[in-house]
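Take a look at the letters that make up each chain.
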Amino acid sequence: MKRHIADGLEQYLSKDMKPWHMPGHKRKGIGCTLDDIYKFDMTEVSGVDDLHNPEEMILKSQEQLAKIYNTFASYYMVNGSTGGILSAIGAVAEKKSSDKAGQIIIARNCHKSVYNACEIFGLKPKYLEPEYINLGEGFTSHIYGEITPEQLKNTLEANPDVVAVVITSPTYEGVVSDIAGIKNVLQSYNVPLIVDEAHGAHLPFIFELPKSAVSDGADIVVQSLHKTLPALTQTAIIHVNNEELNKSVKKYLSIFMSSSPSYPMLCSMEEAVVASYERMIAGNYKSYIGSLRDFRESVSSLENIRLLGNLQVESAYDETRIVFYSSYSGELFARMLREMGNIEVEMSGTNYVVLISTFMDEPEDFEHLARIIKLIDKEFDSDDFREKCNDEATFSKEELHELVGTVVEDNIYVYPPGSYIVAAGEKISKEAIDKIIELKASGKKIIGL
């Protein structure tokens, strides 16, 4: 018999691919070794505590979390940010009454777990649609910008009886909304703010970056530790700044989280947070930020490739998120990075690629990436490359346009990032079809179509 998964992983690792994607440890390791994982893989026997009813070491660790993040309470999660989103929305759904009619305001670019939570708890979403970032003349943009306090205020005035507001910040592409300003708008309405900060677990520790929603007053914040910190995949934390919601959050964590939590995951989370905090105290992020900024400067003036940053994003921007865009397909761009430099990106969009940088990246990692990006920039000018683009497969746009006005039975989206283009039960619009056509033209697989 074969070990198909293990053999497949070994075969992939033999290619020496450069991971510009999650998890944040970049396969370099931190804390326990692989042997330790088996040694620490326990069940809830006497003396090792229980995540669902912590009284000893897990309780002390979570109390330490609250001190590190300065929250009312913070909890480990072993089923990723998805479990935290479901628990957070479940907690606010308990506050709904006949006068609020089960409505909730959510950003259109929220993760599918937000939509799923709305369906589970019978909440009717009212959408906030961010505007697309202006990438400049000659470049198509499907990259969402921030949610503004003014935009939220207008939506609240039209829908004052909602149980909560849910937004994503930072976005997959690194755009950070004005959380403090948004929270200020919500105070007069007494409406809690839930922030999906899955891609911002590093923000509380690096002073040179935008502030975290945890310190900017959001009522509940969910972070995926594995995305940008050196933690195992599927690890996350939920932060509660609103004492009134804490009991309900704990209730739904016990419902949505596995009854057999992983102790290796718990060790990984604690180590990632403590190590990140200790680096912050020691001022050890300066060298990483220096290498990151040197890299961004070295690729900021290319002929055909642009780097997303503060010039295009009007709000705050997380510069650890490296987004390159061009006039060509993002899928083709990602393939060229893979073939020319053994570089694997986190995501490809219509005409852009997303790379995740963490403090586990070394100066030589940035140097290699810069060298390959510059080679591709020159390749974009070649006749052979243009001919390759002209040979890209085509498809029937007419068939897709026939769907305008029909009601979809399933959610339509691209993963990653997992935000819905059209949610189940909605009528499909011409704008949605146009977006799907561009995504398909860039080589993306549309799920649910």
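The rules behind the values
- Residues numbered from 1 in each chain as written.
- Predicted model: local features only at pLDDT ≥ 70, side-chain atom pairs only at ≥ 80, totals over all residues.
- Heavy atoms only, no water.
- Helix = DSSP H or I, 4+ residues; strand = E, 2+ residues; numbered from the N terminus.
- Contact = heavy atoms within 4.5 Å.
- Pairing = 2+ DSSP bridges.
- Axes fitted to C-alpha atoms, helices over the stretch in contact; angles between N-to-C directions.
- Phe/Tyr/Trp six-rings, centres within 6.5 Å; stacked < 30°, edge-to-face > 60°.
- Buried < 20%, exposed > 50% of the residue type's maximum accessible area, 1.4 Å probe, protein only.
- Lys NZ or Arg CZ within 6 Å of the ring centre and 35° of its normal.
- pLDDT = per-residue confidence, 0-100.
- Salt bridge = Lys/Arg side-chain N within 4 Å of Asp/Glu carboxyl O.
- Disulfide = S-S within 2.5 Å.

Chemist: Give a description of the environment of Ala-164 that names residues and reports values.
Modeler: The residue Ala-164 is located in the loop between helix H6 (149-158) and strand E5 (165-168) in this model. For the pair Ala-164 and Asn-190, spaced 26 residues apart in the sequence, the C-alpha separation amounts to 9.1 Å. When neighbours within four sequence positions are excluded, Ala-164 is seen to be in contact with Val-92, Gln-103, Ile-104, Ile-105, Val-191, Pro-192 and Ile-194.

Chemist: Residue-level account of unusual backbone geometry, with values.
Modeler: Cis geometry is found at the peptide bond from Met-22 to Pro-23, where omega equals 5°. As for its position among the elements, Pro-23 is in the loop between strand E1 (18-20) and helix H2 (34-40). Put simply, Ser-169 and Pro-170 share a cis peptide bond, and its omega is 0°. Among the secondary structure elements, Pro-170 is positioned in the loop between E5 and strand E6 (175-176).

Chemist: Describe the sheet that holds strand E12 (residues 321-325), and please don't skip the residues or the numbers.
Modeler: Within the open sheet, the 4 strands sit side by side as E10-E12-E15-E14. Their pairing is antiparallel. Both edges of this open sheet fall to strand E10 (306-307) and strand E14 (347-348), since each of them pairs with a single strand only. Here E14 runs beside strand E15 (residues 352-356); their pairing, made up of 2 bridges, is antiparallel. Within E15, the residue paired with Ser-348 across the bridge is Val-353. Of the strands in this sheet, E10 and E12 touch helix H11 (residues 286-298), which is tilted by about 10° from E12. Packed on one face of the sheet, helix H12 (residues 330-341) meets E12, E14 and E15 and runs near 50° to E15.

Chemist: Give me the lowdown on the packing of aromatic side chains, citing residues and values where you can.
Modeler: To describe a pair of aromatic rings, one takes the distance between the centres and the angle between the planes. This model, assessed by the stated rule, comprises 15 aromatic pairs. A ring pair is formed by Phe-121 and Phe-256, whose centres lie 6.1 Å apart and whose planes are at 75°; its orientation type is edge-to-face. Placement of Phe-121 in the loop between helix H5 (112-120) and strand E4 (124-128) and of Phe-256 in helix H9 (residues 243-256) is noted, with a sequence separation of 135 residues between them. Taking relative accessible area as the criterion, Phe-121 reaches 14% and is therefore assigned buried. Chaining the aromatic ring pairs together yields one cluster made of Trp-20, Tyr-288, Phe-295, Phe-324, Tyr-328, Phe-333, Phe-366 and Phe-380. Note that Lys-26 overlies the ring of Trp-20, its terminal NZ or CZ placed 4.7 Å from the centroid. The aromatic ring of Tyr-127 is capped on one face by Arg-108, whose charged end is 4.2 Å from the ring centroid.

Chemist: Break down the confidence of the model for the protein for me, citing the residues and quoting the values.
Modeler: This prediction gives the protein a mean pLDDT of 88; 89% of its residues lie at or above 70. Across residues 391-395 the pLDDT falls below 50, and counting only partners more than four positions away or on other chains, this stretch makes 6 contacts in the model.

Chemist: Outline the pattern of salt bridges, listing residues and values.
Modeler: Considering all chains together, one arrives at 8 salt bridges under this definition. We note a salt bridge from Glu-319 to Arg-293, for which the minimum N-O separation is 2.9 Å. Residue Glu-319 is found in the loop between strand E11 (316-317) and E12, and its partner Arg-293 is found in helix H11; the two are separated by 26 residues along the sequence. A residue is classified by how much of its surface remains accessible, and Arg-293, at 38% relative accessible area, is partly exposed.

Chemist: An account of the state of the cysteines is needed here, citing residue identities and associated values.
Modeler: Applying the stated criterion across every chain yields a total of 0 disulfides. Take Cys-118: it sits in no disulfide, and the sulfur closest to it among the cysteines is that of Cys-110, at 8.2 Å. Look at Cys-118 and you get buried, because its relative accessible area is 3%.

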